[in-house]
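Now for the letters of each chain:
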Amino acid sequence: MMMMMMMTMLLGLPAVAAGQTGADADSRQGILLAQREAKRQALTPERVSRGEERMRGLETWRLPRAVFVKGFHGLRPVLGGMPGGSGFVYGGGYVYGLDRTAVEFSTNVRASTLGYKQADAQLSFPTSRSDSPIRARVRAEYRDFTELNFFGLGTSSNVDDRAFYRIEDRTVTADVALDTRFFDAGATVGLWNGRIASGLRGPSLEERFSAAATPGFESQPEFLVYGGHATVALLDDGFPPVGLTLRIDAERYDDRGTGAFDFTRVVADIQAQIPLGYRSRILAFRFRTSHASADAGAEVPFYLMETVGGAKSIRGFREYRFRDARNVLLNLEYRWEVWTYMDLAIFADAGKVFSDADEFGFDDLHAGYGFGIRTHSPNNTVFRIDLSRSVEGFRLHVGGGPTF
Amino acid sequence: MGKLLVIAGIAFGLIATVGAQERKFYPDDPLRLDRDSLDTPEPAEIELGDLYDRFGHIFGDVGSDAWTEAANANTLDEVPDSSWFTNRHGVERMSVEALVRGPDSGDGPDLSDPWTIFKSKSQGLTPGFEITDARGDRYIIKFDPLDIPELASAAEIISTKLFYAIGYHAPENYIVLVDPEQFVIEPGTTLEDEFGDEVGLTRRRLDRLLNRVGRTNGLLRVTASKYLSGLPLGPFRYYGTRSDDPNDVIPHEHRRELRGLRVFAAWLNHDDTRAHNTQDVWVEDEGRRYIRHFLLDFGSTLGSGSIEAQLPNLSYQYWLDPALVKRNVAGFGFRVPPYRKVEFPDFPAVGRYEADAYDPHGWRNDYPNPAFERMTGRDAFWAAKIVARFTPEEIAAIVATGQYSDPAAEAYLVETIVARQHKTAGFYLNLMNPLDEFAVTAAGLAFANLSERYGYAEPGASYEIAWSVYDDADRSVAPLSEAVTTTDTLAAIPSGTDLTQSLGGDRYLRAEIRTHHAGHPAWREPVTVYLRASGDRLAVVGIDRVSAPLEPMR
């Protein structure tokens, strides 16, 4: 408004101002010249506002990519990176070779507000910047999660039986993968060595459950773990991508001690993103089932069993709410675009755990439903909020990455 | 104290000259050239904030509250030449050679000796350099995306020539095929890596960057943009005025060439029409120093998004439109964003540029532009006239400067630019009484129906013409006769000794023309033409049009 008033004033001074400056008051150009001469008497340096200067300062800030990816001489802060339900996760790390194609090394240490600790180191060669479709990686990891949920085994466990246990383990793995446009496959081999103990928060698992109900709690062997996976991704390169992804994983856990916990796990995962007419509304579906089969006379340790419940499972239940050797999980989401970089979603989840293969089926499923918001780039979900409800109440999940 | 006196003078002038404001014509009307080149002391260089500008325009209310007609149109409702705009193809048809040459003064950078890189940036994954050639001329060097050769360079060159022909000041841009060994590095040159850190530019780093660039027979295809002559001052805003530029007295949102830029930008899909792609330059001309205003960086035009094909959502909606988000939330997915329904061609070098779904008035640039939002029907009509002037042959000649290797891609682009031209000009010309090109001839007052001329309306219009005498002293209008209706685009001018002798001074002959056409009732709004008598000759001095109402942008 002030600007318009000034303009009106300028446009309204032809005769006097023109007379003052010697410009021709009886011409259009003379009037304009008079306005300009008048303005020239009151010039002030052009500058941007303080608010804009501050905002520009923020724009030139190296956050977040430079700090969280490159860091200072490779040293960088770390946020996140532990399983859901770990609390707020923070830490630091070091990376070498970010601008190289042949090799990259990184190491991180993390802690969470629940007191969890995690450290890892990995060597990748060639790196993701290489054009090579074949990648290899060696990784070592240490974890100390001190209050993991345990509600008992089986699909009818009671939420009121919630207890806690601690897992402190070390893993060393080597893997190699072939990654192409529509197909990838890989193989892995590693050693697992761990200690399962009482939860730092009570009640501890052994206070509520018998040894028979917690196989593997009293003694933990060292495992040789090996396996492989194959994925067929029939996705197009649209925004968002639509199509079908099929993945199968097979893992063998060899108890290097007595063989009491030898088992094999097979996991199948099918995901589909189907546009309902246009990509602005997507029906996303996932079916996942995992089967851990103990060798004759052996058991699957409870801490390596499958679970159902949590941010990437049935969202209306707590993390690890149901646990057993096998599970089945179904997720259905309807996502609709409200902004190019933001979708809303309504979803329904269902699943169960079970011990015997013949219990596989879609009866007696636990279910939840809810509403979510996702912000995303063309290829990744950057931030996600899901509010879900089940018979055990509401759960709110906040985090990055897709549910599936 | 000095400022107080100036303000007092302005206020006094305002009070003292109320009557003078009401005058419609001055002796030098119509003003064809606004001499806004008053000597200017060295202005400040400014840098604008990208996010501040973006979110300030999305959520803020920038620009004046007055939603009025443009403040710098002359009495013919045209834009005078100025430091902002030079009438070119819209007024006097340029030759094909001149259209193809555009702003170029030479043949581009000298390849006879190495180019010395003195500044560089990684620009995400696509490198960019600033170089000095053997002649000592400086250029900004940009590359096409690795996997989409020709995309950005062709768009940059073609759009530079079109926007220049329209009338905007634009830099000299060239496509050059260059050997990677052409580059040498000035000692101390640094490179901003992908994380924003400065590192020394070494030959190894340079080779690594150049390996990201596509090649043709081993040569790199680059866009070389010549440094503008003068002192760069940073961008101009699309609102307000510069406080250190005495020539800048009209708020930018009220400048017709900036409002009308919306029409040209829609035609050529220049979605990146924001302050950051403009440049004020302190130039020296005929002994005076003043600020000239340029449009820069046409790499995100047509189907190009500079570093990738244009994103499909951009140009069909704002990058972020809170009102649209609200509607989409409530729509539960049943409301499909229009861009989702668009089919794009399969010409990677052209990118996402099409004409079928294109809606000239529904088109949106990246984020709200205060000048675009204030565009009126008259502003759009002015721009549409210029859009319509380009012939298919002229457009084809300009597109050929993009040097596409695929003739089918080139043909598609020509066809699409022409199709969008017709949609754009047709839409805005048909919104208003489309009469223009008024001229006094021996046979009478001649004019043209632009919509019929360009085929945007079926022939069959008739013209109801009422003559009168206009007195600028008291703004009175005295009818001369009853209105007559004709199908001819030539109107007999009233004559008679008494009439002739009564004209002159503040008295003008005035013709009010309403166009009758069954398909266009809006054409009945009159166009009023003023003729000034000078001796025994009459000349067109003014044209009044009635703005058609336009749908707001948000």
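In this text the structure is predicted, and so the values were computed from the model without any measurement. (Residues numbered from 1 in each chain as written. Chains lettered and ligands numbered in written order. Predicted model: local features only at pLDDT ≥ 70, side-chain atom pairs only at ≥ 80, totals over all residues.)

## Some words on the overall build of chain B
- Scanning chain B from terminus to terminus reveals 15 helices and 21 strands.
- Taken over the C-alpha trace, chain B has a radius of gyration of 26 Å; the compact-globule value for 554 residues is 24 Å, and the two agree within 12%.
- Dimensions of chain B, computed from C-alpha atoms along their principal axes, come out at roughly 85 × 60 × 55 Å.
- Across the 554 residues that make up chain B, the buried fraction comes to 45%.
- By sequence separation, contacts in chain B at least 24 residues apart represent 73% of the contacts at least 6 residues apart. (Helix = DSSP H or I, 4+ residues; strand = E, 2+ residues; numbered from the N terminus. Rg over C-alpha atoms; globule rule 2.2 N^0.38 Å. Buried ≥ 20, exposed ≤ 12 C-beta atoms within 10 Å, placed from the backbone. Contact = placed C-beta atoms within 7 Å.)

## Details of the pairing of strand β16 (residues 366–376) of chain A
Residue and element names in this part refer to chain A.
- Where strand β15 (residues 342–354) meets β16, 10 bridges bridge the pair, whose relative direction is antiparallel. Residue Phe347 lies in a different strand from β16, and its bridge partner there is Gly370.
- Note that β16 and strand β17 (residues 381–390) share nine bridges and pair antiparallel. Looking at the pairing, Ile373 lines up with Ile385 of β17. (Pairing = 2+ DSSP bridges.)

## Here's the deal with the nonpolar core
- Of all hydrophobic cores here, the largest spans 74 residues; its most connected members are Phe163, Val263, Phe264, Ala384 and Val387 of chain B.
- Setting aside residues no more than four positions away along its own chain, Phe264 of chain B makes contact with Phe163, Ile166, Ala383 and Val387 of chain B.
- Judged by nonpolar contacts, the second largest core, of 26 residues, contains Phe151, Leu153, Phe217 and Ala292 of chain A. (Core = buried A, V, L, I, M, F, W, Y, C linked by C-beta atoms within 7 Å.)

## Considering the pairing of strand β21 (residues 537–544) of chain B
- Note that strand β20 (residues 527–534) of chain B and β21 of chain B share seven bridges and pair antiparallel. By the bridge assignment for β21 of chain B, Thr528 of chain B is matched with Asp544 of chain B.

## Remarks on the environment of Arg252 of chain A
Residues and elements named next belong to chain A.
- Take Arg252: it is sitting in strand β9 (residues 243–255).
- By C-beta crowding, Arg252 is classed as partly exposed, having 15 other C-beta atoms within 10 Å.
- Note: C-alpha distance between Arg252 and Asp161 (91 residues apart in sequence) is 31 Å.
- Every residue in contact with Arg252, bar those within four places of it in the chain, is listed here: Tyr226, Gly227 and Thr264.

## Examining the packing of helix α12 (residues 392–400) of chain B against helix α13 (residues 407–431) of chain B
Residues and elements named next belong to chain B.
- Here α12 crosses α13 at 135 degrees, and the two axes come no closer than 9 Å. When the axis of α12 is compared with that of α13, the two are oblique. The way α12 lies across α13 gives a crossing that is right-handed. Facing α12, whose interface residues are Pro392, Ile395, Ala396, Val399 and Ala400, α13 presents Glu410, Leu413, Val414, Ile417 and Val418.
- When grouped by side-chain class, the residues that make up the contact of α12 with α13 number nine nonpolar, no polar and one charged. (Axes fitted to C-alpha atoms, helices over the stretch in contact; angles between N-to-C directions. Parallel < 35°, antiparallel > 145°, perpendicular 65-115°, else oblique. Left-handed = near helix turned anticlockwise from the far one by under 90°. Nonpolar A, V, L, I, M, F, W, Y, C, P; charged D, E, K, R; others polar.)

## Digging into the confidence of the model for chain A
- Averaged over every residue, the pLDDT of chain A is 90; residues scoring 70 or more account for 93%.
- This stretch, residues 1–21 of chain A, has a pLDDT under 50; its non-local contacts, to residues over four places away or in other chains, come to 61 contacts. (pLDDT = per-residue confidence, 0-100.)

## Details of the sheet that holds strand β14 (residues 444–449) of chain B
- Spatially, β13-β14-β18 (chain B) is the arrangement adopted by the three strands of the open sheet, whose pairing is antiparallel. Strands at the two margins of the open sheet, each flanked by one partner only, are β13 (435–441) and β18 (490–491) of chain B.

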